[in-house]
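Tertiary structure, described
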Amino acid sequence: MNNNIEENLDLEDELFEHYRFEVPKGQAFLRIDKYLMYLIPNATRNKIQNAATDGNIFVNDIPVKSNYKVKPFDVITIMLSHPPFENHILPEDIPLNIVYEDDALLLINKEPGMVVHPGHGNYTGTLVNALAHHFDNLPMNSSERPGLVHRIDKDTSGLLVVAKTEAAMTHLAKQFEAKTTEREYIALVWGNVAAESGTIEGNLARHLKDRMQMAVFADPEIGKPAITHYKVLERFGYVTLISCKLETGRTHQIRAHMKHIGHPLFNDERYGGHLILKGTTFTKYKQFIENCFKALPRQALHAKTLGFVHPNTGELMRFDTELPQDFQDCIEKWRTYVKSHNTEDDN
């Protein structure tokens, strides 16, 4: 298996749910390392303490240290960097929106809400489960994920290329690593982005306190280099519609980079964009934002364009998609709102 594919997928940046326990009523306060020793097969206290040190033990979705005292009704989750069932994929008859297919590859326009591959509590209903049903003998990457060369987040919509042969997978992976692919995303972000265009550079690694987030680190020894180029498409005062072109494809790259410069994605719960970050204190405005969130119940991010060289023919191929309806509906709400309201940002 080509190591480039793992680089493109950033597999080591993921956390997968391995164990989940709810502390029963009547449980006396007890250190979590001692408590888990009796619940996890073949676990040692040292292994549990190391997992806690690495930030992989969560109580009620918050990482805890090994001296945390469990209490009744705590929900304990053990998250590790490898899938628990990586060798078991259940084929499922799930419809796929295939926009292009030939003997070497296919392009899928992924719907928002679909997880790309099993893991983190989602072991069925994923794109990989669908691929296993619709296609025989797709090449496996090192984590037993058929055809995957890259991925996009569950609630991000848009284009994904899937390899149908080993040669295609290797060829495409090299293009992603060499940064020769074209990847453009459309995002709606909070705030009035000052510059018409710009570049965000900053190493990305898992957040020190919230292990479900990625964060930018100034220290070049921490994380992996990430580069995002953005351009303003349309301004709505309190939010801005932008285009983002990626040089690298790190986990949550656009989401983390935009938060880093003070412009979290609209309705991105994990990165704080589900709160009202700009605008007025009027009740009608709050209701307007809630209506926008209902129209677009996910982070406002769409993988619009994907370009690459075909691994067999050498032809430069470029695919483009329209914004999905939920994204369009949200933008139209903002266009209507700014026609009758003063939305000049006061920052």
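Residues numbered from 1 in each chain as written. Predicted model: local features only at pLDDT ≥ 70, side-chain atom pairs only at ≥ 80, totals over all residues. Heavy atoms only, no water.

Right, let's get into the overall build of the protein chain. Secondary structure assignment for the protein chain yields eight helices and 17 strands. Partitioning the contacts of the protein chain with sequence separation of at least 6, the portion at a separation of at least 24 is 70%. Accessible surface, the protein chain as shown: approximately 16,600 Å² in total, 49% of it carbon and sulfur. (Helix = DSSP H or I, 4+ residues; strand = E, 2+ residues; numbered from the N terminus. Contact = heavy atoms within 4.5 Å. Areas by Shrake-Rupley, 256 points an atom, 1.4 Å probe, with all protein chains shown as cover.)

This part takes up the packing of aromatic side chains. All chains considered together, the criterion is met by twelve aromatic pairs. On the basis of an interplanar angle of 50 degrees and a centroid distance of 4.9 Å, the ring pair of Phe266 and Phe293 is categorised as tilted. On the criterion of sequence distance, the pair formed by Phe266 in the loop between α6 (253-260) and α7 (283-295) and Phe293 in helix α7 is long-range, its members being 27 residues apart. Judged on exposure class, the residue Phe266 and its partner Phe293 are both buried. Ring centres of Phe308 and Phe319 lie 6.0 Å apart, and the angle between their planes is 25 degrees; on these two criteria the pair is classed as stacked. Of this pair, Phe308 sits in strand β16 (residues 301-309) while Phe319 sits in strand β17 (residues 316-320), and the two are eleven residues apart along the sequence. For the pair Phe308 and Phe319, a shared accessibility class is recorded, and that class is buried. Counting every residue linked through ring pairs, the aromatic cluster contains Trp190, Phe236, Tyr238, Phe266, Tyr285, Phe288, Phe293, Trp334 and Tyr337. (Phe/Tyr/Trp six-rings, centres within 6.5 Å; stacked < 30°, edge-to-face > 60°. Buried < 20%, exposed > 50% of the residue type's maximum accessible area, 1.4 Å probe, protein only.)

What follows is about helix α8 (residues 325-340). Within an α-helix, residues lying three or four positions from one another point in the same direction, as the helix has 3.6 residues per turn. Between its first and last C-alpha, α8 extends 23 Å over 16 residues, near the 22 Å set by a 1.5 Å rise per residue. Among the residues of α8, those classed as buried are Asp326, Phe327, Cys330, Ile331, Trp334 and Tyr337. Axial view of α8: buried residues confined to an arc of 135 degrees, hence all on one face. More than 90 degrees from the buried face of α8, the exposed residues found are Gln325, Thr336, Lys339 and Ser340. Of the surrounding secondary structure, the elements contacted by the buried residues of α8 are β10 (182-190), β15 (239-246), α7 and β16. (Expected span 1.5 Å × (residues − 1). Arc of directions from axis to C-beta.)

Even without a glycine there, the phi angle at Asn60 is positive, about 55 degrees. Position of Asn60 relative to the elements: it lies in the loop between β3 (57-59) and β4 (62-63). Since its relative accessible area comes to 38%, Asn60 is described here as partly exposed.

Quick look at the pattern of salt bridges now. Per the counting criterion, the structure on display carries twelve salt bridges. When the shortest N-O distance is used, the salt bridge between Asp33 and Arg45 registers 3.1 Å. One end of the pair, Asp33, is in helix α2 (residues 32-37); the other, Arg45, is in helix α3 (residues 45-53), with twelve residues separating them in the sequence. The salt bridge involving Lys164 is made with Glu101; its shortest N-O contact spans 2.8 Å. Of the two residues, Lys164 sits in the loop between β9 (157-163) and α5 (166-177) while Glu101 sits in strand β7 (residues 98-101), which places them 63 residues apart along the sequence. Residue classification places Lys164 among the buried positions, given a relative accessible area of 19%. Take Glu101: its relative accessible area is 40%, and that puts it in the partly exposed class. (Salt bridge = Lys/Arg side-chain N within 4 Å of Asp/Glu carboxyl O.)

We now examine the side chain of Lys164. Within polar-contact distance, the side chain of Lys164 engages the side chain of Glu101 at 2.8 Å. Setting aside its immediate chain neighbours within four residues, Lys164 contacts Glu101, Asp102, Asp103, Ala104, Leu105, Leu106, Phe135, Asn137, Leu138 and Pro139. (Polar contact = N/O pair within 3.5 Å; in protein donor to acceptor, adjacent residues only side chain to side chain.)

UniProt feature "active site" (unreviewed entry): in the numbering of this structure it lies at Asp153. Within the secondary structure, Asp153 is located in the loop between α4 (127-134) and β9. Other than its neighbours up to four places away in sequence, Asp153 contacts Lys110, His252, Arg255 and Gln299. (UniProt positions renumbered as here; feature names shortened; annotations may be inferred.)

A word on the pairing of β7. Sheet topology note: the β7/strand β8 (residues 105-110) ladder contains three bridges and is antiparallel. Within β8, the residue paired with Tyr100 across the bridge is Leu107. Counting the residues in the hairpin turn of β7 and β8 gives three residues. (Pairing = 2+ DSSP bridges.)

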